[in-house]
Amino acid sequence: APAPPPARHLFSDPAEVEALRRNLLAWYDRCKRDLPWRALAATEPDADRRGYAVWVSEIMLQQTQVATVIDYYNRWMQKWPTLQALAQASLEEVNELWAGLGYYSRGKRLQEAARKVVSELAGRMPRTAEDLQKLLPGVGRYTAGAIASISYGQATGVVDGNVIRVLCRLRRIGADSSSPAVIDRLWDMANVLVDRNRPGDFNQALMELGATVCVPKAPLCGECPVKQHCQAWRRKLFGKNPPVPDVEDCGVGDCPLCPPATEPWDSSLGVTNFPRKAAKKPPRVMRTATCVLERRGCHGAPEYLIVQRPSSGLLAGLWEFPSLPLAQDLQEEKEREELAHHLQAWMGQPVAAKGLQFMGEVIHIFSHIHQTYVVYSLHLDGDVTLDPALSPSRWVTEDEFHASAVSTAMKKV
């Protein structure tokens, strides 16, 4: 069996835990940001509406910065202020509002879960983290803990990217912070630390600390309300470990939470030695040929053909210009031929490769894909009858295009 972590990695002193809670909550009360979901959670008397408001914010904040989310959140809550309103919306409406926010499956799962609450749970949100995670699709351990603690006062911890960073620095955890063993230990710590009287505020304070003070590259240690509890800060402040190990220090090579012996403390990094992660896999490199088909509309304004992507996978259900994934290292002439053949299947009439006008390339970075769109245009003089057996498609004006559920990448195109 692996050796248990030594005491210095844990929060085993009740007096220290109480002091950390007190200092962190006092700082949060003074310094917390004014965010719309916090205002709703604090003032909404109806428990289900409160839970819904927090739920929407937590789903939107996954992988997305606060500054980006605020406008989307306000528009969402104005359009669908209740679970019941969201359950009655169409997926097309959800995708249109979500367009540009990224990770589009989040909006789809949120609506699916809202419909489940209305149809199977009598419109009543689950009240505990366990039930939220078990009953609602798209709600994982973190989101369930956040909703349960903030909306319903359950004394349960949360672990997100900000909390991982804070806890790893507080307790000098240098093992791979994305490994299951370390994540499990961090959850144990979060559940020990959470304030029993103000669990929602405490969890938000811990996340706020990571978002505004204990940031990844240039932490503001001088402003940190819990620096006296921070092992990484003490290490930076007082230099090397004493020559005689403390009884609570780690043994050599057998601590599951210490940095590997091959990656010692780097004094130039200070507290940013932590957390440590395994090397990220390089993103997949993809090339896609995209054609902007244009025709003259009945009122004289140009119209453009957009088609709907499959209901699963990357950018599921969104609309795009007709596109075709390309093999790497194709010559431009071959790219044109393949795109022309693809368009011919859509339009049911020959498309000359030489008629495709090359417009340039658009690079868009997804979380795991480095995507290059090779953009062509083709102007059509007459009307075109599209094959109804293929994916849904429609002609739109430029204004209608921007109002549709299209990705940021297609807007770049």
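Residues numbered from 1 in each chain as written. Predicted model: local features only at pLDDT ≥ 70, side-chain atom pairs only at ≥ 80, totals over all residues. Heavy atoms only, no water.

Caption draft 1: Molecular detail of the overall build of the protein chain. Of the regular secondary structure elements, the protein chain holds 16 helices and 7 strands. Along the longest, intermediate and shortest principal axes, the C-alpha atoms of the protein chain span 85 × 50 × 40 Å. For the protein chain, the proportion of its 413 residues judged to be buried stands at 48%. Residue pairs at least 24 apart in sequence account for 68% of intrachain contacts in the protein chain once pairs closer than 6 positions are excluded. For the protein chain, the exposed area adds up to about 20500 Å²; of that, 53% sits on carbon and sulfur atoms. Between the centroid of the 48 positive side chains of the protein chain and the centroid of its 47 negative side chains there is a distance of 6 Å. (Helix = DSSP H or I, 4+ residues; strand = E, 2+ residues; numbered from the N terminus. Buried < 20%, exposed > 50% of the residue type's maximum accessible area, 1.4 Å probe, protein only. Contact = heavy atoms within 4.5 Å. Areas by Shrake-Rupley, 256 points an atom, 1.4 Å probe, with all protein chains shown as cover. Lys, Arg positive; Asp, Glu negative; His and termini not counted. Charge placed at Lys NZ, Arg CZ, Asp CG, Glu CD.)

Caption draft 2: Highlighting the side chain of S323. Positionally, S323 belongs in strand 4 (residues 323-326). In this structure the side chain of S323 is engaged in a polar contact, spanning 2.7 Å, whose partner is the backbone oxygen of F321. (Polar contact = N/O pair within 3.5 Å; in protein donor to acceptor, adjacent residues only side chain to side chain.)

Caption draft 3: View of the nonpolar core. If you look at the biggest cluster of nonpolar residues, it comprises 100 residues, and the most contacted ones within it are Y52, W55, M60, W76, L186 and L209. Here the element with the most residues in this core is helix 3 (residues 47-61); it accounts for 8 residues. Split by domain, the residues of this core number at least three in each of domain 1 (7-238) and domain 2 (284-403). Setting aside residues no more than four positions away along its own chain, W76 makes contact with Y52, V56, M60, L86, V94, L97, W98 and L110. (Core = buried A, V, L, I, M, F, W, Y, C linked by side-chain atoms within 4.5 Å. Domains from an automatic or database assignment.)

Caption draft 4: Main features of helix 2 (residues 36-43). Taken together, the buried positions of helix 2 are occupied by P36, W37, R38 and A41. Where helix 2 is buried, its residues meet helix 1 (14-31), helix 3, helix 4 (66-79), helix 9 (141-152) and helix 12 (199-212).

Caption draft 5: Inspection of the domain arrangement of the protein chain at higher detail. Split into domains, the protein chain comes out as domain 1 (7-238) and domain 2 (284-403). The gap between the C-alpha centroids of domain 1 and domain 2 is 39 Å. With 6 residues of domain 1 at the interface, the matching set in domain 2 holds 10 residues. Overall, the association of domain 1 and domain 2 removes approximately 570 Å² of surface from exposure, summing both partners, and the carbon and sulfur fraction of that is 47%. Counting the surface domain 1 buries against domain 2, the share from its top three residues, E92, N95 and Y104, is 61%. Linking domain 1 with domain 2 are 1 salt bridge. The shortest N-O distance in the salt bridge between R394 and E92 comes to 3.8 Å. At 3 residues, the largest contribution of residues to the side of domain 1 that touches domain 2 is made by helix 6 (residues 91-98). (Buried area = accessible area lost by both parts, 1.4 Å probe. Salt bridge = Lys/Arg side-chain N within 4 Å of Asp/Glu carboxyl O.)

Caption draft 6: A look at the packing of aromatic side chains. Counted according to the given criterion, the structure contains 6 aromatic pairs. Residues W76 and W98 carry aromatic rings whose centres are separated by 5.7 Å and whose planes lie at 80 degrees to one another, so their mutual orientation is edge-to-face. Of this pair, W76 sits in helix 4 while W98 sits in helix 6, placing them 22 residues apart in sequence. The interplanar angle of 10 degrees and the centroid separation of 5.0 Å between the aromatic rings of F321 and F401 together place this pair among those described as stacked. Of the two residues, F321 sits in the loop between strand 3 (319-320) and strand 4 while F401 sits in helix 15 (residues 398-403), which places them 80 residues apart along the sequence. Under the relative-accessibility criterion, F321 is labelled buried at 6%. A relative accessible area of 5% means that F401 is categorised as buried. One aromatic cluster is present, built from ring pairs that chain together W76, W80 and W98. Here R141 stacks its cationic end above the ring of W187, 4.0 Å away from the centre of that ring. (Phe/Tyr/Trp six-rings, centres within 6.5 Å; stacked < 30°, edge-to-face > 60°. Lys NZ or Arg CZ within 6 Å of the ring centre and 35° of its normal.)

Caption draft 7: Summary view of the confidence of the model for the protein chain. Looking at the protein chain, the pLDDT average stands at 89 and 92% of residues meet or exceed 70. Note on residues 242-248: pLDDT under 50 across the span, and 3 contacts to partners over four residues away in sequence or across chains. (pLDDT = per-residue confidence, 0-100.)

Caption draft 8: Up close: the pattern of salt bridges. Inspection of every chain in the model, using the stated rule, returns 15 salt bridges. Among the salt bridges present, the one from E320 reaches R309, with a minimum N-O distance of 3.1 Å. Here the residue E320 occupies a position in strand 3, and R309 occupies one in the loop between strand 2 (302-308) and strand 3, the gap between them amounting to 11 residues. Its relative accessible area of 11% is what places E320 among the buried residues. Look at the salt bridges and you will find they share partners, linking D29, R198 and D201 into a network.

Caption draft 9: The arrangement of the pairing of strand 6 (residues 369-380) in detail. Among the 12 residues of strand 6, 10 are classified as buried, and the element is accordingly described as predominantly covered. Bridge count between strand 1 (residues 284-296) and strand 6: 12 bridges; the pairing is parallel. Its bridge partner being in strand 6, V292 is matched across the sheet by S377. As defined by bridge partners, strand 5 (residues 357-365) adjoins strand 6 across 8 bridges and the pair is classed as antiparallel. Residue pairing in the sheet places Q357 in a bridge with S377 of strand 6. Once strand 5 ends, the chain turns through 3 residues before running back antiparallel as strand 6. (Pairing = 2+ DSSP bridges.)

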